[in-house]
Amino acid sequence: MKKILNFINGAYCEPFSQDWLDNYNPSKGEVYSKIAYSSSEDVEKAYQAAKDAFPSWSNTTIEERSMILLKIASLIEENLDALAEAETLDNGKPLSLAKAVDIPRASSNFRFFGHAITQFASEAHESVGLNTMNFTIRQPIGVVGCISPWNLPLYLFTWKIAPALAAGNTVVAKPSEVTPMTAYLLGEICNQAGLPKGVLNIVHGTGPSAGQAIVSHPDIKAISFTGGTKTGEHIARTAAPMFKKLSLELGGKNPNLIFADCNYEKMLSVTVRSSFANQGQICLCGSRIFVEKSIYEKFKTDFVAKVKELKVGNPFEADTNIGALVSKPHLEKVKSYIDLAKEEGGKILFGGNQVTVEGSENGYYLEPTIIEILDYQCRVNQEEIFGPVVTIMPFETEEEVLKMANSVKYGLSATLWTSNLDRTMRVSKQLEAGIVWVNTWLNRDLRTPFGGIKSSGVGREGGFEALKFFTEAKNVCIKYD
Ligand code: NAD
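Structural notes, computed from the coordinates. None of the values given here were measured: they were computed from a predicted structure. (Residues numbered from 1 in each chain as written. Predicted model: local features only at pLDDT ≥ 70, side-chain atom pairs only at ≥ 80, totals over all residues. Heavy atoms only, no water.)

Here the focus is the side chain of Ser 287. Positionally, Ser 287 belongs in strand 14 (residues 286-292). Assessed through its relative accessible area of 14%, Ser 287 is described here as buried. Contacts of Ser 287, omitting those with residues within four sequence positions, involve Lys 253, Asn 254, Val 389, Val 390 and Thr 391. (Helix = DSSP H or I, 4+ residues; strand = E, 2+ residues; numbered from the N terminus. Buried < 20%, exposed > 50% of the residue type's maximum accessible area, 1.4 Å probe, protein only. Contact = heavy atoms within 4.5 Å.)

Further remarks concern unusual backbone geometry. With a phi angle near 55°, Asn 131 is a residue other than glycine that sits in the positive phi range. Along the polypeptide, Asn 131 turns up in the loop between strand 6 (124-127) and strand 7 (132-140). According to the relative accessible area criterion, Asn 131 is partly exposed, its value standing at 33%. Within the chain, Lys 454 stands out as a residue other than glycine whose phi angle is a positive 50°. Looking at where Lys 454 falls in the secondary structure, it is placed in strand 23 (residues 453-454). On the accessibility criterion, Lys 454 (36% relative accessible area) is partly exposed.

For the structure shown, the criterion picks out 10 aromatic pairs. Taking the centre distance of 4.9 Å and the plane angle of 50° together, the rings of Tyr 12 and Tyr 184 count as tilted. With Tyr 12 in strand 3 (residues 11-13) and Tyr 184 in helix 6 (residues 181-192), the pair connects residues that are 172 residues apart, well separated along the chain. Seen from their ring centres, Phe 276 and Phe 303 are 6.4 Å apart, and the 15° between their planes marks the pair as stacked. In this pair, Phe 276 is assigned in helix 9 (residues 264-276) and Phe 303 in helix 10 (residues 293-308), connecting sequence segments 27 residues apart. Grouping residues by exposure puts Phe 276 and Phe 303 together as buried. One aromatic cluster in this structure is built from Phe 7, Tyr 12 and Tyr 184. (Phe/Tyr/Trp six-rings, centres within 6.5 Å; stacked < 30°, edge-to-face > 60°.)

Turning to the sheet that holds strand 1 (residues 2-4), a few remarks are in order. The strand order across the open sheet formed by 3 strands is 1-5-4, and the pairing between neighbours is mixed. The open sheet has two free edges, formed respectively by strand 1 and strand 4 (20-25), since each of these has just one partner strand. For this sheet, the mean inter-axis angle between neighbouring strands, taken without regard to orientation, is 40°. For strand 4 and strand 5 (residues 30-36), the ladder comprises 6 bridges, and the chain directions are antiparallel. (Pairing = 2+ DSSP bridges. Axes fitted to C-alpha atoms, helices over the stretch in contact; angles between N-to-C directions.)

A side chain of one charge can pair with a side chain of the opposite charge if their charged atoms are brought near each other. Within this structure, the stated rule accounts for 23 salt bridges. A network of salt bridges, in which partner residues are shared, links Asp 261, Glu 398, Arg 423 and Arg 426. (Salt bridge = Lys/Arg side-chain N within 4 Å of Asp/Glu carboxyl O.)

Taken together, 30 residues surround the ligand, and among them Lys 174, Glu 177, Thr 231, Leu 250 and Glu 384 come closest. Gly 207 places a polar main-chain atom, nitrogen or oxygen, 3.3 Å from an oxygen atom of the ligand. A distance of 3.3 Å separates an oxygen atom of the ligand from a polar backbone atom of Gly 227. For the shell around the ligand, the secondary-structure elements that each account for two or more residues are helix 7 (207-215), strand 11 (222-226) and helix 8 (229-239). Here the shell around the ligand takes 4 residues from helix 7, the largest share from any one element. Residues belonging to the shell around the ligand are distributed by class as follows: 13 nonpolar, 13 polar and 4 charged. (Near = heavy atom within 4 Å. Polar contact = N/O pair within 3.5 Å; in protein donor to acceptor, adjacent residues only side chain to side chain. Nonpolar A, V, L, I, M, F, W, Y, C, P; charged D, E, K, R; others polar.)

The next thing to look at is helix 6. Taking 1.5 Å as the rise per residue, helix 6 with 12 residues should run 16 Å; its terminal C-alpha atoms sit 18 Å apart, in good agreement. Here helix 6 has its buried residues at Met 181, Thr 182, Ala 183, Tyr 184, Leu 186, Gly 187, Ile 189 and Cys 190. Taken from the residues just after helix 6, Gly 194 is the one with a positive phi, measuring 85°. (Expected span 1.5 Å × (residues − 1).)

On the basis of which strands lie adjacent, the open sheet formed by 7 strands has the order 15-18-19-14-13-21-22 and mixed pairing. At either margin of the open sheet sits one strand with a lone partner, and together these are strand 15 (347-350) and strand 22 (435-438). This sheet shows a mean twist of 25° between the axes of neighbouring strands, independent of strand direction. Across 3 bridges, strand 13 (residues 254-258) lies against strand 21 (residues 413-417) in parallel orientation. Across the sheet, Ile 258 pairs through a bridge with Trp 417, a residue of strand 21.

Let us now look at helix 3 (residues 80-91). Taking 1.5 Å of rise per residue, the 12 residues of helix 3 would be expected to cover 16 Å, and the 16 Å separating its terminal C-alpha atoms lies within 8% of that figure. All buried positions along helix 3 are accounted for by Leu 83, Ala 84, Ala 86, Glu 87, Thr 88, Asp 90 and Asn 91. As for helix 3, its buried residues are in contact with strand 4, strand 5, helix 2 (62-78), helix 4 (95-119), helix 5 (153-166) and helix 6.

Shape descriptors only; they carry no functional weight alone.
Okay, structure coming up:
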């Protein structure tokens, strides 16, 4: 059976433990490969390689670093089909989505930061009249750790690695043990692109073992993490006493506010996507839908009719809209929330059932599910489910919907549908979220700051924010006569 090996110092290698985890194909519910179960010994080996590579990589010219990142971007593009198939097999997402979104975005991440580093500059402050000149230099931190989740595997893995490398750091990275395959394939691509050995090291395995070893390593000075809020809390607790730099991109429970004056048809089709894309397993999905009362009944009818048209099926088939959930434990978790919704008085307007797909009877398929709720404070409307499940309820006033939207502990993104400019400004300013989309969703310009507030995270990624995170600012102050 195929083995997913660590990639350390430019070479693939087995874990010291010689232990292996099962890697499942969620569309079939079958083990199809084995993952290196790495421990602190493997992380130490990866750290040493990264440490040795740092002096040279941090002194490599910006032009050379940029060229290598652009080469990686091109190679990802050239291997788009193979990478997309690997992603679908590992994650269960529709192949069409992996081809249109995941892999192109992984390539864009390298291309974007390959260009961005050539434009990254720092400030100078002249103390006029005092014969003093200050300038700021932004130096790479050293060896940094990058840890990513399973929902957008290569997309989010590269979103961290690319700026870290561009800024001149060397990296020890760990993808999710649920979806390690494309990160594994990236090692070979980096070698082909001429990335010097040791600059990027990829260690596989579980969070408590390999992940924890990265976070608690005393000489890995910064951690960029994307994943669940509980894990983020644990990482913060481990890293804070060592004063590590931390960027935490965590969970969400994003509201979708629909006002009667919106462009209805556009809103309807985008809301289907923002609810169920990637089986609802995107941290930015709009899982709480609030609809102005005057259009509520119409919306309910039209939304259910559109969602009924979505095909749940084998992710490799071209007409599949909703593939498999990522794992059996995750499927069970999502189903338990559907049961809870019923206990809490929610009405299932559509879906709610596991689906048996012909030829893939053991796969983890679930119908897209719409739950009408009575109380915005019910658990199903407050806790992150991270599956193809949305709640809906009506509202009457702006004040009321803002109160409901802001009632959760999360604050990642929000979507607002209205054609009233005054309302756009008023509501956007009051929504507690790191990103507010107005009349659009998942519309990303990589230069913009990305991240959440409240329990959705600390810090911002994207654009120069990411390059600032992966560097230390130093003020040089010169007094002259
Ligand atoms: P998770 O927290 O279980 O795991 C994420 C990563 O952390 C994995 O690689 C895992 O192995 C590792 N990990 C687990 N325990 C660790 C520990 N003690 N020390 C170090 N590493 C550890 O999250 P998940 O289930 O893979 O992903 C789903 C979650 O990610 C959802 O909550 C979702 O909202 C969130 N997410 C957030 C964003 C964002 O940008 N804010 C994007 C995507 C996903």
